[in-house]
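# A closer look at the structure
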Amino acid sequence: MEKVYDVAVIGGGVVGGMTLRELSRYQLKTILLEQAEDVVMGASKANSAIVHAGFDAEPGTLKAQYNVEGNALMEAVTGELSVPFRRNGSMVLAFSEEDLKTLRDLQERGRKNGVPGVRLMSREEALSQEPNLSEEIKGALWAPSGGIVCPYELATAAIGNAMDNGAELKTGFRVTGIEKENGNFVVISEAGEKLYARYLVNAAGVHADEVARMIGDDSFSITPRRGEYMLLDKTQGATVFATIFQPPTKMGKGVLVTPTVDGNLLVGPTSEDISDKADTATTPEGLEKVERLSKLSVPSVNLRAVITSFAGLRATPGGGDFIIGPSAADAGFINAAGIESPGLTASPAIAVAVVKHLEEAGLVLIKREDFSSFRKPFPKFRRMSGAEREALIRQDASFGRIVCRCETITEGEILAAIRRNPPARDVDAVKRRTRAGMGRCQGGFCGPQVVEILSRELGLPMDEVTKCGGASRMLVGKTKETQ
Amino acid sequence: MERLDLVVIGGGPAGMAAALGAWHQGVRNILILDREAQLGGILEQCIHNGFGLHHFKEELTGPEYAARYAKEVADCGICCLLDTMVLDLAEALDGSGDKVVTAVSSKEGYLRIHAKTVVLAMGCRERPRGALNTPGTRPAGIYTAGAAQKFVNIKGYMPGKEVVILGSGDIGLIMARRMTLEGAKVKAVCELMPYSGGLTRNIVQCLEDFGIPLKLSHTVVRIHGRERVEGVTIAAVDGSRKPIPGSEEFIPCDTLLLSVGLIPENELSRAAGVKMDPVTGGAVVDQNRQTSLPGVFACGNVLHVHDLVDYVSEEAELAGQSAAAYLRGEAPCGGTVEVKARDGVRYVVPQRLCKDAGPVSLYFRVGDIYKDVKIVVKCGEKVLLSRPKKKVVPGEMERLPLTAGILSQIDGDVTVCLEQKGAE
């Protein structure tokens, strides 16, 4: 008899991860299926890292509802998962009389959506709060409940917490077909592997429409909408305190300038519909646009301090709103699709909603007595006091070995990333969990050491260690063997 | 809490020479801190020869050059803490003028070391890809030349087989040869500028001898390949270093190495409040290599990027001797003036000096290639020294000794500039 899971969640991003965690509160056999070789490889790893206040979404939409609900849950969720979160506030700038009218419309939307504390600011007040803003502004909208969080840290922590509570994870499982057998779903991978589940959650991001079509649901389509960003050195992190938005105009949404929760400055994104769901290349035009537009808000943005640029793909739904609920094609198949911005903010609320939909579809939810919503914090040497560091090194000498100099990341932290749930198995996975290689030298010094540690811990030859799975080997062989 | 006379941060060529400089002047209570498991710094991975021509009058490999110093450090019995990373440098709060060095190591744990003097010798790091903001994908196979050098020379692994190198800094040139000798195909070295940033001898010995094309005024405009590099698009650039449309060329390769500049690693110095020179990226120092913090000295690549290790050793020895003089209570000379770079000269080290300092060497780099020029040192309108030079290039550091006699004529700020030969 094949093992039958109660629920299989397809897609290891923040929505899939939060859903898995929500499910792990109950006596269920659950599994997360991820096509890549690590979790959080899609939109959840490359976005604006903003906890949106909720004044942007049209009242009455799922986006509006889950944005505001998710925002309110963020303290509790990040607290339980030991993920840094800061309510730094969001500010939308007006550069013209027309923009001021737009701000008033946004304020009204905020009121209707139930966003707390949204108000208009005079030019002077905005400039006194954010001295580096452009002198050209005419006023601003202020939303104190806006915040910042590290999206991949949050999503990874949610998955880790679910796994610590018994949920399973299967990476490298690219779903290519779904069948029904004795009332159960049979999920088939590209490699021909089969997995059985009573219920499915479709959190497949840009691929959610393809996955839905596998059960005959062609009710929606997803367009990848690329956004390009630049990340600046920590010396620039205090350029602004709040997240600075530009008003949506006919010319587009503008770009934001924001500190990150780790102390860098982030500028972007562009917004461009593309056809290839894996094309996260940056472009000269995109980077030039980010540069030009970010300087409209903050003329002193120092783009010579860029440490990396990247692009992410939003899963933009054809209908405009999130698609959350049972598929018309099969009531046991719950879509959590079209989750573009404000998806990160909304994810804790979406997870609750998805579980409710599963219950309505017949899934019996019995609480686990041994569930713990708390995730043991990852040791973060860089944030510790001298006494804490001293104690930690005495307990475990690997914390006395600094591997990443730029971010002050110890070998102990890298070992924890490899050993704890979800286990890191490649260089980028280590980087996302620990920040080793995230600093200004971008892995120049620690790269070779991280490869060595992964090789040792995973029992892999050095030249089989990858950057991000697949064919992304860091090394091509030993010296003296190159043909 | 033990109180040391001198803590040297960094055990590369600069740190070792500084410690020895102080030792030979009688300082005994010295500690060298280094993050690696052995002394030598970056020389350990520089297994090519060409080191020591000035200092030892013979041609050594990097590890050989380092070993000579390491042996002397050991013979003198100078203490070293290896596998130890310095996290912070600050003034002691007790008003003693001492410095407190906070460091961490797996063996010694968390350390707070009090020192009367500190020599900064942390070296430099390479500019990464991110700083270039090159559009395209972010696959495996993009390394700084130094990271590739570590993989090949220390770990014994090849980062790739078909290579394009962006930037013609010395490490890039050395790695072009190294990768070729290891069986890889180096398809091109692209340099954004119309001239190379490396030593002429390296261009000849590492590129020309192996038939590797050096494409001046070219850059990489796009990186291709999702998982592993599959190629790069290069393009010619115009006078303002912008890519020229239509000049693009796709080169298939699995590896892109970067040699696009070195950055002195001064996070500790900045955090400690040391005054920095925005051009060198290192501290502002006087002729003794003392920084703006009394008792804190800097030397080697953390002060300004050198092209020859011989000059690093020379400068570091001076810094160590200066620390010894400071410990003896010898007051720094009075009448300090500024040394300014002008007209073609990018920077000068030291940035401050005093007229009664005795003989002093000025080290500087030019901002472009100049032919048939005079290097002129002035004080106001008064010409202190004028030296003709057939050619000066940005890739080669210039060294200009000033005698005590010249220095005694100084009565204000000094400028170092280039003048066309024959011009008055």
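Residues numbered from 1 in each chain as written. Chains lettered and ligands numbered in written order. Predicted model: local features only at pLDDT ≥ 70, side-chain atom pairs only at ≥ 80, totals over all residues.

### Thoughts on unusual backbone geometry
Following Gly268(A), the chain continues to Pro269(A) via a peptide bond in cis, the omega torsion being -5°. Among the structural elements, Pro269(A) can be located in the loop between strand 16 (265-268) and strand 17 (272-273). That bond from Asn421(A) to Pro422(A) is cis: its omega, -20°, falls within 30 degrees of zero. Counting through the fold element by element, Pro422(A) comes out in the loop between helix 10 (411-419) and helix 11 (427-434). The phi dihedral of Asp372(B) falls on the positive side, at around 50°, and the residue is not glycine. On the secondary structure map, Asp372(B) appears in strand 25 (residues 370-379). (Helix = DSSP H or I, 4+ residues; strand = E, 2+ residues; numbered from the N terminus.)

### Digging into the interface of chain A and chain B
At the interface, 46 residues of chain A touch 41 residues of chain B. Elements with a minimum of two residues in the side of chain A that touches chain B: helix 7 (284-297), strand 18 (306-317), helix 9 (386-395), helix 12 (446-458) and strand 23 (477-478) of chain A. Residues that form the side of chain A that touches chain B fall into these classes: 19 nonpolar, 18 polar and nine charged. Sheet topology places strand 23 of chain A next to strand 11 (residues 157-158) of chain B; two bridges connect them, and they run antiparallel. Paired with Gly477(A) across the two strands is Met158(B), which belongs to strand 11 of chain B. (Contact = placed C-beta atoms within 7 Å. Nonpolar A, V, L, I, M, F, W, Y, C, P; charged D, E, K, R; others polar. Pairing = 2+ DSSP bridges.)

### Points about the domain arrangement of chain B
All names here are of chain B. Taken domain by domain, chain B consists of domain 1 (3-125 + 263-332), domain 2 (128-260) and domain 3 (339-420). Taking the mean C-alpha position of each, domain 2 and domain 3 sit 34 Å from one another. Listed by partner, the interface residues are five residues for domain 2 and five residues for domain 3. The residue makeup of the side of domain 2 that touches domain 3, split by class, is two nonpolar, three polar and no charged. (Domains from an automatic or database assignment.)

### Regarding the pairing of strand 22 (residues 345-349) of chain B
All names here are of chain B. Counted residue by residue, strand 22 has four buried out of five residues, so it is predominantly covered. Here strand 22 runs beside strand 24 (residues 360-366); their pairing, made up of four bridges, is antiparallel. Bridge pairing in strand 24 places Val348 opposite Phe364. (Buried ≥ 20, exposed ≤ 12 C-beta atoms within 10 Å, placed from the backbone.)

### Notes on the packing of helix 10 of chain A against helix 12 of chain A
Residue and element names in this part refer to chain A. It is the contact of helix 10 with helix 12, at a shortest axis distance of 11 Å, that shows an interaxial angle of 45°. Between helix 10 and helix 12, the angle falls in the class oblique. Crossing handedness for the pair helix 10 and helix 12: right-handed. Together, Glu411, Ile414, Leu415 and Ile418 of helix 10 and Val450, Ile453, Leu454 and Glu457 of helix 12 make up the contact between the two elements. (Axes fitted to C-alpha atoms, helices over the stretch in contact; angles between N-to-C directions. Parallel < 35°, antiparallel > 145°, perpendicular 65-115°, else oblique. Left-handed = near helix turned anticlockwise from the far one by under 90°.)

### A few points about the sheet that holds strand 17 (residues 249-252) of chain B
All names here are of chain B. A sheet is described by the order of its strands in space; here three strands give the open sequence 15-16-17, paired in antiparallel fashion. Unpaired on one side and paired on the other, strand 15 (218-224) and strand 17 mark the two borders of the sheet. Between one strand axis and the next, the sheet turns by 30° as a mean value, whatever way the strands run. With four bridges joining them, strand 16 (residues 231-236) and strand 17 adopt antiparallel strand pairing. Residue pairing across strands places Thr233 opposite Phe250, the latter belonging to strand 17.

### Looking at the nonpolar core
Within the largest apolar cluster, 159 residues are counted, with the highest numbers of intra-cluster contacts made by Ile9(B) and Val119(B). Those residues within four positions of Val119(B) in sequence are excluded, and the remaining contacts are Leu6(B), Val8(B), Ile9(B), Gly15(B), Ala18(B), Phe297(B), Cys299(B), Ala319(B), Gly320(B) and Ala323(B). Counting 122 residues, the second-largest nonpolar core is a separate cluster that includes Leu81(A), Cys150(A), Phe245(A) and Ala336(A). (Core = buried A, V, L, I, M, F, W, Y, C linked by C-beta atoms within 7 Å.)

### Re the domain arrangement of chain A
You can read the domains of chain A as domain 1 (88-145 + 223-316) and domain 2 (381-464). Just the C-alpha atoms count here: the centres of domain 1 of chain A and domain 2 of chain A sit 32 Å apart.

### Examining the pairing of strand 16 of chain B
Two strands pair when backbone bridges link them, and strand 15 of chain B and strand 16 of chain B are joined in this way by six bridges, in the antiparallel orientation. When the bridges of strand 16 of chain B are listed, His224(B) appears paired with Gly231(B).

### Some remarks on the sheet that holds strand 25 of chain B
Residues and elements named next belong to chain B. Overall, mixed pairing links the five strands, which are arranged 23-21-28-25-26 in an open sheet. The outermost strands of the open sheet, each flanked by one partner alone, are strand 23 (352-354) and strand 26 (382-392). Each adjacent strand pair in this sheet contributes to an overall mean axis angle of 30°, direction not counted. Looking at chain direction, strand 21 (residues 336-341) and strand 28 (residues 414-420) are connected through three bridges and run parallel. Residue pairing across strands places Lys340 opposite Thr415, the latter belonging to strand 28.

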